[in-house]
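Summary of structural features
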Amino acid sequence: MVTAPTTGQRRGRGGRERILAAAARLFATQGINATAMEQVAEEAPVSKRTLYAHFPAKSDLVIAHLQDLASSGATLESALTREDIPARERILSLFDQPTAEAAPVRGCPFIDAAAEFPDPGSRVHSYAREQKLRMVELVTVLLTELDCRNPGPLAEQLVTLADGAASRAMVLGEADYGRHARAAAELLLEHALAKPG
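Residues numbered from 1 in each chain as written. Predicted model: local features only at pLDDT ≥ 70, side-chain atom pairs only at ≥ 80, totals over all residues. Heavy atoms only, no water.

Quick look at the packing of helix α4 (residues 58-72) against helix α7 (residues 123-145) now. Axis separation between α4 and α7 bottoms out at 9 Å; the angle between their running directions is 15°. As judged from the angle between their axes, α4 and α7 are roughly parallel. The element α4 and its partner α7 pack so that their crossing is right-handed. Within the contact between the two elements, α4 uses S59, D60, V62, I63, L66, Q67 and A70 and α7 uses R123, V124, Y127 and Q131. Residue classes in the contact of α4 with α7 are distributed as six nonpolar, three polar and two charged. (Axes fitted to C-alpha atoms, helices over the stretch in contact; angles between N-to-C directions. Helix = DSSP H or I, 4+ residues; strand = E, 2+ residues; numbered from the N terminus. Parallel < 35°, antiparallel > 145°, perpendicular 65-115°, else oblique. Left-handed = near helix turned anticlockwise from the far one by under 90°. Contact = heavy atoms within 4.5 Å. Nonpolar A, V, L, I, M, F, W, Y, C, P; charged D, E, K, R; others polar.)

This is the structure in structure tokens:
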């Protein structure tokens, strides 16, 4: 069921932003494939003509939604690009507990999208894969800054922990599930960054 537009929402300017906001809400609560384009138009609210003028196909809307998330700073990857904290803390921030006012735990939106678009050749799946590879690259750069002996394999291990923790947090409904993965990540980092001898 689609919620009624809130007071103050109107048709006209800002249609693309309203569409993306509506899509984000609907995708988070009922999933991508279960959300019809007509629902997005009603929730936005915009006409179907406006919706399809901005997003001719649902995959266009999904990719725009994922790009919006990636640039918003609301994903795991965003912690890795912060310059106000040291490299080791950036890596460990992948496992931070969400703030009390954070939205319900939804897992990783890129993994969710890839699962709903399982064909590896689809545009959505490809974009999700790019984001997950970018996450490994960012961690590898940070590990290199820390003089890690084998940054690539360790980066893969750490992002696997982060993705697994996000997925389990969503399935179990435990927002602070990352604490388990953080403990493992700290051990991995301690071992990898220990000076030989």
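Moving on: the nonpolar core. Nonpolar side chains tend toward joint burial in soluble globular proteins. Membership of the largest hydrophobic core comes to 27 residues, with the highest contact counts inside it found for I19, V40, L51 and L61. Counting only elements with at least two residues in this core, the list comes to α1 (15-30), α2 (37-43), α4, α6 (109-116) and α7. Broken down by element, this core gets its largest block of residues, six residues, from α1. Once residues lying within four places of it in the same chain are set aside, the contact partners of I19 are V40, A44, V46, T50, L51, H54, F55 and L61. In terms of nonpolar packing, the next biggest core, distinct from the first, is built from 25 residues, I91, L142, A169 and A192 among them. (Core = buried A, V, L, I, M, F, W, Y, C linked by side-chain atoms within 4.5 Å. Buried < 20%, exposed > 50% of the residue type's maximum accessible area, 1.4 Å probe, protein only.)

Look at helix α9 (residues 178-193): 22 Å from first C-alpha to last across 16 residues, which is about the 22 Å you get at 1.5 Å a residue. For α9, the full list of buried residues reads G178, A181, A185, L189 and A192. End-on, the buried residues of α9 take up no more than an arc of 75°, which puts them together on one face. Across from the buried face of α9, at angles greater than 90 degrees, the exposed residues are L187, E190 and H191. On its buried face, α9 sits against α5 (87-92), α7 and α8 (151-172). (Expected span 1.5 Å × (residues − 1). Arc of directions from axis to C-beta.)

Tracing the chain through its elements places G164 in helix α8. Since its relative accessible area comes to 28%, G164 is described here as partly exposed. For the pair G164 and C108, spaced 56 residues apart in the sequence, the C-alpha separation amounts to 9.3 Å.

Enumeration according to the criterion identifies nine salt bridges in this entry. Measuring nitrogen to oxygen at the nearest pair gives 3.6 Å for the salt bridge that ties R88 to E89. Note on R88: relative accessible area 30%, which makes it partly exposed. Put simply, D163 and K132 hold a salt bridge, and the shortest N to O gap is 2.8 Å. One end of the pair, D163, is in helix α8; the other, K132, is in helix α7, with 31 residues separating them in the sequence. Assessed through its relative accessible area of 14%, D163 is described here as buried. The class of K132 is buried, set by a relative accessible area of 15%. It is possible to trace a salt-bridge network through shared partners that takes in R88, E89, D96, R182 and E186. (Salt bridge = Lys/Arg side-chain N within 4 Å of Asp/Glu carboxyl O.)

Right, let's get into the confidence of the model for the protein chain. Low pLDDT marks stretches whose predicted atomic positions should not be read closely. Scored by pLDDT, the protein chain has a mean of 88; 89% of the residues are at 70 or more. Confidence, expressed as mean pLDDT per element, reaches its minimum in the protein chain at α6 with 92 and its maximum at α2 with 97. Low confidence marks residues 1-11, where pLDDT is under 50. Its contacts with residues over four positions away, or in another chain, come to 16 contacts. (pLDDT = per-residue confidence, 0-100.)

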